[in-house]
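Structural characterization, general
Chain by chain, the residues:
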Amino acid sequence: MSDEELEELGDVGENAEEEKIEDEELGEEEDIQGDEEDHVEEEKIPPNPLTAELVAESLSLLCKTGDGLAHAFVKLDIHERDLTDIEILQSFIHLRYIDISKNMLKDISPLSAVTHLLTLKADENLLTTIRLEEMPYLQVASFSHNKLTTMEGINHPMLEHLNLNKNLIQSVSGLNSSKLTRLHTLEIRGNKLETLEGLCLPNIKNLFAAANLLKKIEGMSRLPTLTTLHLRDNQIDSLDGFSEDQKTLQYINLRGNAIASVKESAKLKVLPMLRALVLSDNPCAEEDDYRLETLIAIRTLERLDKDEYTPEERTEAEEIAEQRRHDEEEKAGEDSEAGPNPEESTEEKY
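The paragraphs below set out a description of the structure included in this document. (Residues numbered from 1 in each chain as written. Predicted model: local features only at pLDDT ≥ 70, side-chain atom pairs only at ≥ 80, totals over all residues. Heavy atoms only, no water.)

1. A closer look at the layout of surface pockets
Roughly 270 Å³ of internal volume is contained in the second largest pocket. Lining the second largest pocket we find 13 residues, and of these Lys269, Ile296, Ala297, Ala321 and Arg324 sit closest to its centre. Looking at the lining of the second largest pocket, the elements with two or more residues in it are helix H6 (290-297) and helix H7 (311-338). A per-element tally of the lining of the second largest pocket places H7 first, with four residues. (1 Å grid on protein atoms, 1.4 Å probe; cavity = no way out; pocket = protein on both sides within 12 Å on 5 of 7 lines; lining within 4 Å. Points joined across faces, edges and corners; volume = space filled by probe spheres on them. Helix = DSSP H or I, 4+ residues; strand = E, 2+ residues; numbered from the N terminus.)

Here is the structure:
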């Protein structure tokens, strides 16, 4: 996902583009299965180490070195070269931008020596671990389409955007929350997560966890700064679990889950900034007055699924809500009048 696309997510009225992105990404779910089937083939991969000649051909972007006394090329693009070894990169300590995607790498530990690294793209390799020494300047890291089963090894204090999509991760444990205070976007789509309980990131704003095995919404009280939450194509059947501490959450995507009743939407009243909600492809979306009942329950909504609410819909929702309040007050009054008066009963007794 590009920086431009992430900026669009900041505006709840511009999420149509994000919907398109997720459609494309979720169509790639067979990639993980394909990776598992290719395990035997991995054993036959011939060694193909990165050479100084290839590095020289792939360098660009001449900049001053950290001490400002010399110049060096700081960008290296060696994607899709069938590489199996990048040990030589230990000597290229001035690199800041590295793309090693679409290779055959099982080990990226040599990058621990590249301490000025700002951006690392290591998608579509054979990585089972991404453990590195603490990278003091790393801001963006992408490890999608690998064979990761854990999040451990991420302890980079300047990291802002982490992509772990399409791996084999079963638990959100392992992230060092005391180090990841600047992380604002976490992508963990297409893994094997059964819960988000335990995820604790103090400043996370965007969480993408579509296409996992989630059955409940959990751990939200630990994520008070969220603005965007994507839980599409899981197995969630209720809207319990949100926290009144989530005062900045504006956009929730729950498309393709198992929410049966539109009445569940009333549980989102605890979110004072909720502006856009996606519930399409849930059973509740087939109910009569689905749009209207959702708006009655969540008065802050501006958009349901891909359609904004019209002024007419808002007026109708307000009138129905007001009538229901009036009816409830009348019923409460009638019940009060009809109820027995304990003092009168005592007096009659004597």
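2. What to know about the environment of Thr300
As for its position among the elements, Thr300 is in the loop between H6 and strand E12 (303-304). Separated by 27 residues in the primary sequence, Thr300 and Met273 have C-alpha atoms spaced 6.9 Å apart. Non-local contacts of Thr300, meaning those with residues more than four positions away in its chain, are made with Leu271, Pro272, Leu274 and Arg275. (Contact = heavy atoms within 4.5 Å.)

3. Let's talk about the side chain of Arg303
If you trace the backbone, Arg303 turns up in strand E12. Within polar-contact distance, the side chain of Arg303 engages the backbone oxygen of Asp305 at 2.3 Å. (Polar contact = N/O pair within 3.5 Å; in protein donor to acceptor, adjacent residues only side chain to side chain.)

4. Focus: the pattern of salt bridges
Inspection of the entire model under this criterion finds 16 salt bridges. Lys267 is the partner of Asp240 in a salt bridge, and the nearest nitrogen-oxygen pair spans 3.1 Å. Taken together, the residues span a long stretch of sequence, with Asp240 in the loop between strand E9 (228-230) and strand E10 (251-253) and Lys267 in the loop between E10 and strand E11 (276-278) at a distance of 27 residues. Across the pair Asp281 and Arg255 runs a salt bridge, and its minimum N-O distance is 2.8 Å. A residue pair is termed long-range when its members are at least 10 positions apart, and Asp281 in the loop between E11 and H6 and Arg255 in the loop between E10 and E11 qualify at 26 residues. Because the salt bridges share partners, they merge into one network encompassing Arg299, Glu318, Glu322 and Arg325. (Salt bridge = Lys/Arg side-chain N within 4 Å of Asp/Glu carboxyl O.)

5. What to know about the pairing of strand E2 (residues 71-77)
Bridge count between strand E1 (residues 59-64) and E2: five bridges; the pairing is antiparallel. In the sheet register, Lys64 faces E2, and the bridge partner there is His71. In this sheet, strand E3 (residues 97-99) lies alongside E2 in parallel orientation, the contact comprising three bridges. Directly across from Lys75, in E3, lies its bridge partner Tyr97. (Pairing = 2+ DSSP bridges.)

6. What to know about a negative patch on the surface
Judged by side-chain charge, Glu287, Asp288, Asp289, Glu316 and Glu319 come together as a negatively charged surface patch. Along the chain, Asp289 falls in the loop between E11 and H6. (Patch = residues over 30% accessible without salt bridge, like charges linked within 9 Å, V, L, I, M, F, W, Y side chains within 5 Å. Areas by Shrake-Rupley, 256 points an atom, 1.4 Å probe, with all protein chains shown as cover. Lys, Arg positive; Asp, Glu negative; His and termini not counted. Charge placed at Lys NZ, Arg CZ, Asp CG, Glu CD.)

7. Some words on the nonpolar core
Looking at soluble globular proteins, one finds that nonpolar side chains tend to be buried together. If you look at the biggest cluster of nonpolar residues, it comprises 78 residues, and the most contacted ones within it are Ile100, Leu111, Phe143, Leu162, Leu164, Leu186 and Leu196. Looking at this core, the elements with two or more residues in it are helix H5 (52-58), H6 and H7. The element that contributes the greatest number of residues to this core is H6, accounting for five residues. Those residues in contact with Ile100 that sit more than four places away from it in its chain are Ile78, His79, Ile86, Leu105, Ile108, Leu111, Leu120, Lys121, Ala122 and Asn125. (Core = buried A, V, L, I, M, F, W, Y, C linked by side-chain atoms within 4.5 Å. Buried < 20%, exposed > 50% of the residue type's maximum accessible area, 1.4 Å probe, protein only.)

8. Observations regarding the side chain of Asn103
With respect to the helices and strands, the residue Asn103 is situated in the loop between E3 and strand E4 (119-121). One polar contact links the side chain of Asn103 to the main-chain amide nitrogen of Leu83, over a distance of 3.0 Å. For Asn103, the residues in contact, after removing those within four places along its chain, are Ile78, His79, Glu80, Arg81, Asp82, Leu83, Glu124 and Asn125.

9. Thoughts on H6
In terms of burial, H6 is a largely internal element, six of the eight residues being buried. Along H6, the positions that sit buried rather than exposed are Tyr290, Leu292, Thr294, Leu295, Ile296 and Ala297.

10. So, the packing of aromatic side chains
In total, this model carries zero aromatic pairs according to the counting rule given. Just above the ring of Tyr309 sits the side chain of Arg291; from NZ or CZ to the centre is 4.4 Å. (Phe/Tyr/Trp six-rings, centres within 6.5 Å; stacked < 30°, edge-to-face > 60°. Lys NZ or Arg CZ within 6 Å of the ring centre and 35° of its normal.)

11. Let's talk about unusual backbone geometry
One non-glycine residue, Ala211, adopts positive backbone phi at about 60 degrees. Residue position: Ala211 is located in the loop between strand E8 (206-208) and E9. Classification of Ala211 by relative accessible area gives buried; the value is 11%. Of note, the phi angle at Asp233 is positive, near 55 degrees, even though the residue is not glycine. Among the structural elements, Asp233 can be located in the loop between E9 and E10. Residue Asp233 is classed as partly exposed on the basis of its relative accessible area, which comes to 29%.

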